[in-house]
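# Coordinate inspection notes
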Amino acid sequence: GAGVSQSPSNKVTEKGKDVELRCDPISGHTALYWYRQRLGQGLEFLIYFQGNSAPDKSGLPSDRFSAERTGESVSTLTIQRTQQEDSAVYLCASSSVTTDYSYEQYFGPGTRLTVT
Amino acid sequence: EDQVTQSPEALRLQEGESSSLNCSYTVSGLRGLFWYRQDPGKGPEFLFTLYSAGEEKEKERLKATLTKKESFLHITAPKPEDSATYLCAVQAKGAGANSKLTFGKGITLSVRP
């Protein structure tokens, strides 16, 4: 079936502008995650949605970052007043408990954000 | 705080030269340890999940093993198409079945023909 999709694949924006990144998870997956991957760094957790529970926002680096999810489908990550240090690849992942209780997360191709 | 350290940062092998990638971790109760492969410009691709010390999993030329402090990804007779960055991540217990992953920085593997 279809995997996780993200759009746009690339985004170049000027410092101070707002950007919105989109993620379509695998159908039926109840959990959705956003991570950030900066050059030379490991993936950094940002936020996690699980069904109708309150999201885990503990990884958001500042109040310029926010995310929403509509039910168990599409999510958008919004970065307001972008700064150059926001330049990174933003990765979305989704997961669902399987019959063997494995919890692997499946990733999309990412959105490469460049702030000039 | 959960931590994952991968070594070496980069590894260059000749085709057919077997080796191992290391992932050391500290976590407040391990729910699972995950290995991913990431090709340039793409998202991570899931390889393995390990849940308890002593567990091993294999897929083609790759075998992942787990102890209480580290995991190894053994690559037997690698081919150039195995060239990629290999990521290790841990998931802690107690935060829900689908909680966040903590990743290492990855190991970049290059296999020369």
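Basis of the calculations
- Residues numbered from 1 in each chain as written.
- Chains lettered and ligands numbered in written order.
- Predicted model: local features only at pLDDT ≥ 70, side-chain atom pairs only at ≥ 80, totals over all residues.
- Heavy atoms only, no water.
- Helix = DSSP H or I, 4+ residues; strand = E, 2+ residues; numbered from the N terminus.
- Rg over C-alpha atoms; globule rule 2.2 N^0.38 Å.
- Buried < 20%, exposed > 50% of the residue type's maximum accessible area, 1.4 Å probe, protein only.
- Contact = heavy atoms within 4.5 Å.
- Lys, Arg positive; Asp, Glu negative; His and termini not counted.
- Charge placed at Lys NZ, Arg CZ, Asp CG, Glu CD.
- Disulfide = S-S within 2.5 Å.
- Buried area = accessible area lost by both parts, 1.4 Å probe.
- Polar contact = N/O pair within 3.5 Å; in protein donor to acceptor, adjacent residues only side chain to side chain.
- Nonpolar A, V, L, I, M, F, W, Y, C, P; charged D, E, K, R; others polar.
- Pairing = 2+ DSSP bridges.
- Axes fitted to C-alpha atoms, helices over the stretch in contact; angles between N-to-C directions.

### Comments concerning the overall build of chain B
- Assigned secondary structure in chain B consists of zero helices and eleven strands.
- For chain B, the sequential pattern of α-helices and β-strands runs β-β-β-β-β-β-β-β-β-β-β.
- Here the C-alpha radius of gyration of chain B, 14 Å, is about what a compact globule of 113 residues would show, namely 13 Å.
- Principal axes of the C-alpha set define a box for chain B whose edges measure 45 × 30 × 20 Å.
- Scored against the burial criterion, the 113 residues of chain B give a buried share of 47%.
- Put simply, of all contacts in chain B between residues at least 6 apart along the chain, 55% involve residues at least 24 apart.
- In chain B, the 15 positive side-chain charges and the 14 negative ones have mean positions that sit 4 Å from each other.

### So, the state of the cysteines
- Applying the stated criterion across every chain, the model contains two disulfides over all chains.
- Shown here is the disulfide that connects C23 of chain A with C92 of chain A, its sulfur atoms set 1.9 Å apart. Between C23 of chain A and C92 of chain A, the disulfide has an S-S torsion of -65 degrees and is therefore left-handed. Pair noted here: C23 of chain A is in strand β3 (residues 19-24) and C92 of chain A is in strand β8 (residues 88-95), with a separation of 69 residues, a long-range link.
- The partner cysteine of C23 of chain B in its disulfide is C88 of chain B, sulfur to sulfur 1.9 Å. The sign of the -65 degrees torsion about the S-S bond sets the C23 of chain B-C88 of chain B disulfide as left-handed. Of this pair, C23 of chain B sits in strand β3 (residues 19-26) while C88 of chain B sits in strand β9 (residues 84-92), and the two are 65 residues apart along the sequence.
- C88 of chain B gets classed as buried once you look at its relative accessible area, which sits at 0%.

### Some remarks on the interface of chain A and chain B
- Taken together, the contact pairs 24 residues of chain A with 21 residues of chain B.
- On the chain A side of the contact with chain B, L43, Y103 and F107 of chain A bury the most area, a combined 30% of that side's loss.
- At the surface where chain A touches chain B, the tally comes to three residue pairs in polar contact (both at pLDDT 80 or more).
- Looking at the side of chain A that touches chain B, the elements with two or more residues in it are β4 (31-37), β5 (43-50), β8 and β9 (106-107) of chain A.
- Here the side of chain A that touches chain B is composed, by residue class, of 13 nonpolar, ten polar and one charged.

### As for the sheet that holds strand β6 (residues 56-59) of chain B
All names here are of chain B.
- Read across the open sheet, the five strands follow the order β1-β3-β8-β7-β6; overall the sheet is antiparallel. Across the chains shown, the open sheet's two edge strands, defined by having one partner strand only, are β1 (3-7) and β6. Adjacent strand axes in the sheet meet at a mean angle of 15 degrees, parallel and antiparallel pairs treated alike.
- Where β6 meets strand β7 (residues 62-66), four bridges bridge the pair, whose relative direction is antiparallel. Within β7, the residue paired with K59 across the bridge is L62.

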